[in-house]
Amino acid sequence: LQGGMDFIIWEQPLDYAWAVAPLLALLCGLPTLQEVALGHLEWARPVFIEPAELGRRYPQFILSEAGLKEGRWWTLVSSVFLHLDTEHLLNNSLCLLVNGLHPFLDLGHLGLYGTFFATAAVCAMNRRGFACQLEAQIEGAIPRAPDRIGPLAVPEGARELWDSFRHGTARRAAPAV
């Protein structure tokens, strides 16, 4: 088939799948921050580092001004592989699959990888966006108050107070990270 989407659909899906597979493996190869908080993987998959170990080494992966000044340049890229939870990971994977197609078709394998890593570095240097993302990651890593403890319902006011504590802690902790 010639031209347009027919060409994409019928003649290049395997090439694209092979090109994007290593990036997807890297995205899925680190536990999410929720899994770090839980201490185990939510779904079975091979990972490069176990959740507890990632929790201990988290500062080596996350982008920070202090880290860059200390020479941890790789955090410009490694931070893109950290995700708050499974939903965040799956959304980013889907975004890669959808938005990576045109750089791949226009520029090939190197174009896909160059676009991915350049975009990751540019996004990581967005201080305000990074601060918001980091705050959300910290807040997400603090467990929510349960609706019930055994047979007893946890009062809504207590859950709201806990959520306020989670948010305040994340807001104050994010600048320190």
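Refer to the structure above for everything that follows.
From a predicted model like this one, the values you see are computed outputs, not experimental measurements.

On to the overall build of the protein. For the protein, the helix and strand inventory stands at 10 helices and two strands. For the protein, the α and β elements follow one another from N to C terminus as α-α-α-α-α-α-α-α-α-β-β-α. Its C-alpha atoms give the protein principal-axis dimensions of roughly 65 × 45 × 30 Å. Expressed as a percentage of its 177 residues, the buried residues of the protein come to 33%. In the protein, once contacts between residues fewer than 6 apart in sequence are set aside, the share between residues at least 24 apart is 55%. Of the accessible surface of the protein, which amounts to about 10,900 Å², a share of 66% is contributed by carbon and sulfur atoms. Placing the 13 positive and 18 negative side-chain charges of the protein at their respective mean positions leaves the two points 12 Å apart.

The next thing to look at is the packing of aromatic side chains. Under the criterion given, the structure shown has six aromatic pairs. Their ring planes at 50 degrees and their centres at 5.4 Å tell us that tyrosine 16 and phenylalanine 104 sit as a pair that is tilted. Highlighted residues: tyrosine 16 in helix H2 (residues 13–28) and phenylalanine 104 in helix H8 (residues 101–124), separated in sequence by 88 residues. Taking the relative accessible area as the measure of exposure, tyrosine 16 reaches 9% and is therefore buried. Among the aromatic residues, those joined into a ring-pair cluster are Phe81, Phe116 and Phe117.

Turning to a nonpolar patch on the surface, a few remarks are in order. Taken together, Leu68, Trp73 and Trp74 make up a surface patch of nonpolar side chains, about 360 Å² in accessible area. Take leucine 68: it is sitting in helix H5 (residues 65–69). Taking relative accessible area as the criterion, leucine 68 reaches 37% and is therefore assigned partly exposed.

On to the nonpolar core, then. Counting 25 residues, the largest nonpolar core has Leu82, Leu96 and Leu112 as its most contacted members. Going through the elements one at a time, H2, helix H4 (51–61), helix H7 (86–99), H8 and helix H9 (127–141) are the ones with two or more residues in this core. Not counting the four nearest positions on each side in its chain, leucine 96 is found in contact with Tyr16, Val20, Leu23, Leu24, Leu27 and Phe116.

For an α-helix the count is 3.6 residues per turn, leaving residues at separations of three or four pointing the same way. Compared with an ideal rise of 1.5 Å per residue, which puts 18 residues at 26 Å, helix H10 (residues 156–173) spans 25 Å between its outermost C-alpha atoms and is within 8% of the ideal. Along H10, the residues that are buried comprise Arg166, Gly168 and Ala170.

The next thing to look at is the side chain of arginine 45. One can find arginine 45 in the loop between helix H3 (33–38) and H4. Of note is the side chain of arginine 45, whose polar atom sits 2.7 Å from the side chain of glutamate 35. Engagement of the side chain of arginine 45 in a polar contact is seen with the backbone oxygen of tryptophan 43, the distance being 3.3 Å. Excluding residues that lie within four positions of it along the chain, arginine 45 makes contacts with Cys28, Leu30, Pro31, Thr32 and Glu35.

Attention now goes to the pattern of salt bridges. Taken as a whole and judged by the stated rule, the model has seven salt bridges. Linking arginine 57 and glutamate 53 is a salt bridge whose minimum nitrogen-to-oxygen distance equals 2.4 Å. Taken as a pair, arginine 57 and glutamate 53 lie in helix H4 at a separation of four residues, close to a single helical turn. The partner of aspartate 163 in a salt bridge is arginine 144, with the nearest N and O atoms 3.3 Å apart. Taken together, the residues span a long stretch of sequence, with aspartate 163 in helix H10 and arginine 144 in the loop between H9 and strand E1 (148–149) at a distance of 19 residues. In this structure, a network of salt bridges that share partners links the residues Glu53, Arg56 and Arg57.

Parameters at a glance
- Residues numbered from 1 in each chain as written.
- Predicted model: local features only at pLDDT ≥ 70, side-chain atom pairs only at ≥ 80, totals over all residues.
- Heavy atoms only, no water.
- Helix = DSSP H or I, 4+ residues; strand = E, 2+ residues; numbered from the N terminus.
- Buried < 20%, exposed > 50% of the residue type's maximum accessible area, 1.4 Å probe, protein only.
- Contact = heavy atoms within 4.5 Å.
- Areas by Shrake-Rupley, 256 points an atom, 1.4 Å probe, with all protein chains shown as cover.
- Lys, Arg positive; Asp, Glu negative; His and termini not counted.
- Charge placed at Lys NZ, Arg CZ, Asp CG, Glu CD.
- Phe/Tyr/Trp six-rings, centres within 6.5 Å; stacked < 30°, edge-to-face > 60°.
- Patch = residues over 30% accessible without salt bridge, like charges linked within 9 Å, V, L, I, M, F, W, Y side chains within 5 Å.
- Salt bridge = Lys/Arg side-chain N within 4 Å of Asp/Glu carboxyl O.
- Core = buried A, V, L, I, M, F, W, Y, C linked by side-chain atoms within 4.5 Å.
- Expected span 1.5 Å × (residues − 1).
- Polar contact = N/O pair within 3.5 Å; in protein donor to acceptor, adjacent residues only side chain to side chain.

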